[in-house]
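Observations on chain architecture
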Amino acid sequence: MELKRVVVTGLGTVNSAARSASLFHSALRAGHCGIGPVSVFDATDFRTQTGGEVQGFNARPLLPRSISTKRLSRSDAMAMVAAIEALSDAGFFPVPDHLRPDMGVVIGGGAGGMLECEAVYRDYLQGAGKRPAYSAFSSFGCSASADHIAGQLQLMGPKTTFMTACSSGATAIGYARDLVQTGAATAIICGGTEPLCRITYSAFNSLQAVDPQYCKPFDKNRQGLSLGEGAGMMILEELGHARQRGARIYGEILGYGVSCDAHHMTSPDPEGGGAVLAMARALQDAGVSPDAVDYINAHGTGTPANDKIETKAIKHLFGERAYRIPVSSSKSMTGHTLGAAGAIEGVVSLLALYHGFIPPTIHCEIPDPECDLDYVTEGARDANLKIVLSNSFAFGGNNTSLLFGKFPQQGVGHE
Amino acid sequence: MNRRVVITGVGMVTPLGVGKAPFMEQLFGGVCGISPISLFDTTGFTSKSAAEVVGFSPKDFIRPASIRRMDRLSQMIAAAARMALDDADLAIGPHNRDQVGVMLGTCFGGTDVAAQFGKVLFREGPRRVNPILVPNTVMNAPAGHVAIELGVRGVNTTVNHHEVGAETALTYAAAQIMRGRVDAVLAGGGDIVSEFFFNVMSHFKTLSPQNGGDEGLRPFDVHGNGTVVGEGAGIVCLESLEGALARGASPYCEIVGWGLSSAPTVPNGWPTEPTGPVLAIHCALAAAGITPGDIDYICASANGGPRLDRLEAEALRQVFSATEQRPRITALKGALGESLSSGGMRAAAMALSLRHQSVAPIAGLVESIAKLNFACAPETQVPIRYGLINGISSGGTFVAVIFKKLA
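Here the structure is a predicted model, which is why all the values come from computation and not from measurement. (Residues numbered from 1 in each chain as written. Chains lettered and ligands numbered in written order. Predicted model: local features only at pLDDT ≥ 70, side-chain atom pairs only at ≥ 80, totals over all residues.)

1. Regarding the overall build of chain A
On a plain count of helices and strands, chain A comes out with 11 helices and 14 strands. Reported as C-alpha extents along the three principal axes, the dimensions of chain A are approximately 65 × 55 × 40 Å. In chain A, which comprises 415 residues, the proportion classed as buried is 67%. In chain A, once contacts between residues fewer than 6 apart in sequence are set aside, the share between residues at least 24 apart is 79%. (Helix = DSSP H or I, 4+ residues; strand = E, 2+ residues; numbered from the N terminus. Buried ≥ 20, exposed ≤ 12 C-beta atoms within 10 Å, placed from the backbone. Contact = placed C-beta atoms within 7 Å.)

As structure tokens, then:
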């Protein structure tokens, strides 16, 4: 089977730090923090009250009139807004008729329609036996976003939804890349989406994994993550097709790697074994040497365990060179958007490659002896990047690493 | 790069029994696993039946310490994975643990656990919730548990797509082995019957009897009046042919091609035109390098819901009606109920059909909606060279997978 090269020709995002990919570029350069008080639900009784919320989100004015917002959950609506931005950015909106049979949708999900459904469930539990309004459940599952997008755009290519918790978005991009690489589709809308909701917020709080203020990845006094929400979408396209139509190319997807810790459901393997495997597999898949990596967009959640173990895994894989590779956490700006994180950070990686800069880690002020890499804490840097690695690690020990390359680029990948 | 992929082991926890021997005997004997619901009280519902897993004892398959950490779905899937590994006679050790993966499909996953968590959250407040429940609220929990229980660190992922999550996982797993990224994958999936989703499915009027007639799951039948919920887990052990042969395994069958497609509809809707499923089947045939006439046996998605059954019958008619020897068509949901992520059980059944050259009959079909070659009675010694699993999901997602008997 001849493998095709896969490039990214469109980007879209909605997150707490920015409402579009172009605004996200400037937010990342400025080190803008989107974390603040949560208002999408009443957080008064929770242990913490902050998060990376997309304040005042309303999909209607952000979408063209041909796209309906009927029955879209908050999660679906953010996915739709980011998908339409990415399609428009790629010059694929409206989708050309001839492309519909060969265009697919692959989404990484999380809580899906939980925000709406848990409210129905809560009212039912608190309403003395009254039957819940089950109609809210038509968009319950996280696969609803892909169905809405493909349905409204009349696409007929492959459609799938991954749910590997905090690595869903990255896994979706990796899988979509395989589909385009092997010719199962010419173009794919892929990414991830995640809403803030009470059950997720409560779950992370009960695990005492949330920083009550804002997350401080790699800082000595970090206390946990900040939950966030949003969507990140990109258009993957077969290189020949993109070239033929003269599309702008943000970068190439060179490879990805997936592994499992097989250690514990919620705590990472203290040796970082699964993380090393995922990164090594991404490099192997791409045929790229560890020496070629210019920047690592870390999983960097801000939990004491993750940041220490991720640092250890990077050192294990890159050896002495680890100290010379800039590593930063965009979650310090967006919060941890769970199912969307891998995709939003994919968008970060491609913006960094295309525009030639390294986004910073904000809120990291006090050095931790166990986190002693270059975390880009002084602010964004200009840099001519060629190869970027992006990590996503998750509950269940599900790890995915993506490898992005500048395009065009000499001497990289299988030719 | 283009390695061949075979099934070397099967494992299942189903309404027709736990493990290969009882599953085979009942499935190929035409037994129906549907009975009155025992898991919860159905007072106030018109629907009263389900295909529930019976006689499942997790401790026969899973370490006691692990059982306590798993929800019911994870237990079923982990047990099925253990059985598949044992059936394949594949030992896991330091030499291969990084080269064995887990790929699952589930529709509801741990949503039942999330509801349990939410009950305390909404009744007693966020400071009273139980953190022990949290790991099992995520849909990828079963895959994580399987990896921990078996100690495997290869590719590990979970697909969520209504009725075709497990079929998609199967194709993704096969692709990973073909490309040499992993040597073996435990692939499949499962879902459980829960009161919560019984409520939801009742609300959306997907359950029999939709029309006031008799309750029952009647695939492809003119009297089909809705589906009946089912549950269970099925896992197949996939390996590269070379790897399987090198260690002296005797594979059940080979996976030779698949097709993925979609068609526009709303998340719980069914398309009215068969274009999507027809496209998926044609993609699968092309990938396998065969024509419709080569397919001998089809395991259909039909679940007794009139819209799905008519859509599928029309798709199969369009692709296969012109073939000289029309393929025998079965629909296992008649016996297993609609368990959503049924692809693992269906793949295991297909592997058994190819090895034993046997056809599983459609339980519940009396008067068919189309002139197709439906399997109405148990049959053995049927020449089956190529088998097709047709996956159709509400929301308009389609997966067709082709299996081949090994010469």
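2. Quick look at the domain arrangement of chain B
When the parts of a complex come together, some accessible area is lost, and that lost area is often used as the size of the interface. All names here are of chain B. By the assigned domains, chain B splits into domain 1 (5-246) and domain 2 (256-405). Between the C-alpha centres of domain 1 and domain 2 the distance comes to 20 Å. Contributing elements (two or more residues each) for the side of domain 1 that touches domain 2: β1 (5-14), α1 (20-28), α6 (165-178), β7 (184-191) and β8 (232-240). Here the element with the most residues in the side of domain 1 that touches domain 2 is α6; it accounts for 6 residues. The residue makeup of the side of domain 1 that touches domain 2, split by class, is 29 nonpolar, 24 polar and 6 charged. (Domains from an automatic or database assignment. Nonpolar A, V, L, I, M, F, W, Y, C, P; charged D, E, K, R; others polar.)

3. Considerations on the domain arrangement of chain A
Residues and elements named next belong to chain A. Entries for chain A in the domain assignment read domain 1 (6-244) and domain 2 (255-404). Put simply, the middle of domain 1 and the middle of domain 2, counted by C-alpha atoms, are 21 Å apart. Contact residues are listed per partner, giving 62 residues for domain 1 and 56 residues for domain 2. Elements with a contribution of two residues or more to the side of domain 1 that touches domain 2: β1 (6-15), α1 (21-30), α5 (168-181), β6 (187-194) and β7 (230-238). No other element matches the 8 residues that α5 contributes to the side of domain 1 that touches domain 2. Its residues placed into classes, the side of domain 1 that touches domain 2 shows 26 nonpolar, 27 polar and 9 charged.

4. So, the confidence of the model for chain B
On average, residues of chain B score 96 in pLDDT, and 100% of them are at 70 or above. The ipTM for the predicted assembly is 0.97, set against a pTM of 0.97. (pLDDT = per-residue confidence, 0-100.)

5. What to know about the interface of chain B and chain A
Counting residues at the interface gives 59 residues for chain B and 59 residues for chain A. Breaking the side of chain B that touches chain A down by element, the ones donating at least two residues are α4 (111-124), α5 (141-150), β6 (156-159), α6, α7 (195-203), β9 (253-262) and α9 (275-288) of chain B. Sort the elements by how many residues they give to the side of chain B that touches chain A and α4(B) lands first, with 8 residues. Residue classes in the side of chain B that touches chain A are distributed as 31 nonpolar, 24 polar and 4 charged.

6. Things to note about the pairing of strand β13 (residues 397-405) of chain B
Residue and element names in this part refer to chain B. Counted residue by residue, β13 has 8 buried out of 9 residues, so it is predominantly covered. Bridge analysis of β9 against β13 gives 9 bridges, and the strand direction is antiparallel. When the bridges of β13 are listed, Ile255 appears paired with Phe403. Bridging between strand β12 (residues 386-393) and β13 involves 8 bridges; their strand directions are antiparallel. Counted as the bridge partner of Leu388 is Ile402 from β13. Once β12 ends, the chain turns through 3 residues before running back antiparallel as β13, passing Gly395 with a positive phi of about 90°. (Pairing = 2+ DSSP bridges.)

7. Here we look at the packing of helix α8 (residues 273-286) of chain A against helix α9 (residues 304-318) of chain A
When two helices pack together, their arrangement is given by the angle between the helix axes and by the axis-to-axis distance. All names here are of chain A. For the pair α8 and α9, interaxial distance at closest approach is 9 Å and the crossing angle is 50°. Relative to α9, the element α8 lies oblique. In this structure, α8 meets α9 at a crossing whose hand is right-handed. Every residue of α9 that contacts α8 at Ala275, Val276, Met279 and Ala280 is listed here: Ile309, Glu310, Ala313, His316 and Leu317. (Axes fitted to C-alpha atoms, helices over the stretch in contact; angles between N-to-C directions. Parallel < 35°, antiparallel > 145°, perpendicular 65-115°, else oblique. Left-handed = near helix turned anticlockwise from the far one by under 90°.)

8. Here we look at the environment of A:Ala136
Residues and elements named next belong to chain A. Relative to the helices and strands, Ala136 resides in the loop between α3 (114-126) and α4 (144-153). For Ala136, a count of 20 C-beta atoms within 10 Å translates into the label buried. Those residues in contact with Ala136, other than ones at most four positions away along the chain, are Glu116, Cys117 and Val120.

9. Focus on the confidence of the model for chain A
Averaged over all residues, the pLDDT of chain A is 95; the fraction at 70 or higher stands at 98%. Segment residues 411-415 of chain A is flagged for pLDDT under 50; beyond a separation of four residues in sequence, or across chains, it makes 10 contacts in the model.

10. Description of unusual backbone geometry
Here the residue pair A:Phe93 and A:Pro94 is connected by a cis peptide bond, since its omega of 0° sits within 30 degrees of zero. Tracing the chain through its elements places A:Pro94 in the loop between α2 (74-90) and β4 (103-108). Looking along the chain, the bond that leaves B:Ser208 and enters B:Pro209 is cis, with omega of -5°. Of note, A:Leu338 is a non-glycine position whose phi angle comes to about 50°, a positive value. Along the chain, the position of A:Leu338 falls in the loop between α10 (331-334) and α11 (341-355). Backbone geometry places B:Asp89, a non-glycine residue, at a positive phi of 55°. With respect to the helices and strands, B:Asp89 occurs in the loop between α3 (72-88) and β5 (100-105).

11. Brief notes about α4(B)
The first and last C-alpha atoms of α4(B) sit 20 Å apart over 14 residues, in line with the 20 Å expected at 1.5 Å per residue. Taken together, the buried positions of α4(B) are B:Thr111, B:Asp112, B:Val113, B:Ala114, B:Ala115, B:Phe117, B:Gly118, B:Leu121 and B:Phe122. At its buried positions, α4(B) is contacted by α3 and α6 (198-206) of chain A together with α7 of chain B. B:Gly125 sits one or two residues past α4(B) and shows a positive phi near 100°. (Expected span 1.5 Å × (residues − 1).)

12. Things to note about the environment of B:Pro251
All names here are of chain B. Locating Pro251 in the fold gives a position in the loop between α8 (241-246) and β9. Accessibility expressed as a C-beta count within 10 Å gives 23 for Pro251, which makes it buried. Each C-alpha atom of the pair Pro251 and Arg355 lies 8.8 Å from the other, and the pair is 104 residues apart in sequence. Excluding residues that lie within four positions of it along the chain, Pro251 makes contacts with Val6, Ile7, Thr8, Leu241, Ala244 and Leu406.

13. Here's the deal with the packing of α9(B) against helix α10 (residues 306-320) of chain B
Residues and elements named next belong to chain B. Two numbers describe how α9 lies on α10: the axes approach to 9 Å, and their chain directions differ by 45°. With respect to each other, α9 and α10 are oriented oblique. As for how α9 packs across α10, the hand of that crossing is right-handed. Contact residues: α9 offers Pro277, Val278 and Ile281, while α10 offers Leu311, Glu312, Ala315, Gln318 and Val319. Here the contact of α9 with α10 is built from residues that sort into 6 nonpolar, 1 polar and 1 charged.

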